[in-house]
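Notes for the structure review
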Amino acid sequence: MTPPSNPSDAAVMGAFAGIPALLDQAPALILRGRTLDCECLLGPIDHPFHASIRGGRIIDLTPAPVLMRYWRFSYRASAVAWAEYWKPVPRPGWHDLLALTKREEAVLEGDLHPFMAHLQYFKDVLALPRSHRPTVPS
């Protein structure tokens, strides 16, 4: 894996690496995703993570690329988009995962069924770093 190109990329990657621990502290969110089992690619556009989700828990989060690793869908966004999304009160257009795709700051691809069927779960899981704002500069 190549190193991030700037400090905000490193901060975003660090925030992503901490999401499984934050999720473990949110039993209601795990309960919401209890029927979700999937492999997906999440994170920054250039440095995503392979996530294995079982019963609403992220059991594995590995930096990509991982040779021959399957993923069902991918949601990746720019470091700027993640930094804006994780603000305590994001600006309009930066406040929602689908809004980020509309403004072309994020890419959603692959089999969208698990993502759309569990959209609120993914919105809440990917927003977990908001409560730890100091780790992500804007």
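Let us look at the structure shown here. (Residues numbered from 1 in each chain as written. Predicted model: local features only at pLDDT ≥ 70, side-chain atom pairs only at ≥ 80, totals over all residues. Heavy atoms only, no water.)

Section: the sheet that holds strand β5 (residues 106-110)
Put simply, the rule reads: Each pair of strands is called paired provided DSSP finds at least two bridges between the two strands. To qualify as a helix, a DSSP run of H or I must reach at least 4 residues; to qualify as a strand, a run of E must reach at least 2; elements of each kind are numbered from the N terminus. Angular values range over 0 to 180 degrees, each being the angle between N-to-C directions of two axes fitted as lines to C-alpha atoms, with helices fitted over their stretch in contact.
Taken in spatial order, the five strands of this open sheet run β3-β2-β1-β4-β5, and their pairing is mixed. Either end of the sheet is taken by a strand with one partner, and the two such strands are β3 (57-63) and β5. Direction aside, the axes of adjacent strands within the sheet are offset by 20° on average. In terms of strand pairing, strand β4 (residues 73-77) meets β5 through five bridges, oriented antiparallel. By the bridge assignment, Ala 77 is partnered in β5 with Ala 106.

Brief notes about empty space enclosed by the protein
Selection rule: The definitions used throughout rest on a 1 Å grid laid over the protein atoms alone, on which a cavity is an enclosed set of points accommodating a 1.4 Å probe that cannot get out and a pocket is an open set flanked by protein within 12 Å on both sides along at least five of seven lines; lining residues are those having an atom within 4 Å of a point. Grid points are joined across faces, edges and corners, and a volume is the space filled by probe spheres set on the points. When residues are sorted by character, Ala, Val, Leu, Ile, Met, Phe, Trp, Tyr, Cys and Pro go into the nonpolar class, Asp, Glu, Lys and Arg into the charged class, and all the rest, Gly among them, into the polar class.
Tallying each qualifying case throughout the model produces one cavity of 30 Å³ or more. In this structure, the largest cavity occupies an estimated 40 Å³ of space. Around the largest cavity, the lining residues are Phe 16, Ile 19, Leu 42, Ile 58, Leu 61, Val 125 and Leu 126. Class assignment of the residues belonging to the lining of the largest cavity gives a composition of seven nonpolar, no polar and no charged.

Some thoughts on the pairing of strand β2 (residues 49-54)
Here is the rule: Residue burial is assigned from relative accessible area. The probe radius is 1.4 Å, only protein chains are included, and a residue is buried under 20% of its type maximum, exposed over 50%, and partly exposed in between.
Of all six residues making up β2, five are buried, and the element is well covered by its neighbours. The sheet contact formed by strand β1 (residues 37-44) and β2 spans six bridges and is antiparallel. Paired with Cys 38 across the two strands is Ile 53, which belongs to β2. Linkage of β1 to β2, two consecutive antiparallel strands, is achieved through a turn of four residues. Two strands pair when backbone bridges link them, and β2 and β3 are joined in this way by six bridges, in the antiparallel orientation. Residue pairing across strands places Ser 52 opposite Asp 60, the latter belonging to β3.

What to know about the packing of aromatic side chains
Filter applied, for reference: Two rings from Phe, Tyr or Trp (for Trp, the six-membered ring) form a pair when their centres are within 6.5 Å of each other. A pair whose planes differ by under 30 degrees is stacked, one over 60 is edge-to-face, and the rest are tilted. The rule for a charge over a ring is simple: NZ of Lys or CZ of Arg within 6 Å of the ring centre, and within 35 degrees of the ring normal.
Applying the stated criterion across every chain, the model contains eleven aromatic pairs. Measuring from ring centre to ring centre gives 5.9 Å for Tyr 75 and Trp 82, while their planes differ by 70°; the resulting arrangement is edge-to-face. Among the aromatic residues, ring-to-ring pairing joins Phe 16, Phe 49, Phe 73, Tyr 75, Trp 82, Tyr 85, Trp 86, Phe 115, Tyr 121 and Phe 122 into one connected group. Here the guanidinium or amino end of Arg 130 rests over the ring plane of Tyr 85, the centre of that ring lying 4.5 Å away.

Comments concerning the pattern of salt bridges
Applicable threshold: Salt bridge, as applied in this entry: a Lys or Arg side-chain nitrogen positioned within 4 Å of an Asp or Glu carboxyl oxygen.
Within this structure, the stated rule accounts for ten salt bridges. Across the pair Asp 124 and Arg 32 runs a salt bridge whose closest N-O atoms are separated by 2.2 Å. Separated by 92 residues along the polypeptide, Asp 124 in helix α7 (residues 119-126) and Arg 32 in helix α3 (residues 27-32) bring together distant segments of the chain. Classification of Asp 124 as partly exposed rests on a relative accessible area of 25%. By relative accessible area, which is 41% here, Arg 32 ends up partly exposed. Taking the shortest distance from any N to any O, the salt bridge between Asp 111 and Arg 72 comes out at 2.7 Å. Here the residue Asp 111 occupies a position in the loop between β5 and α6 (113-117), and Arg 72 occupies one in the loop between β3 and β4, the gap between them amounting to 39 residues.

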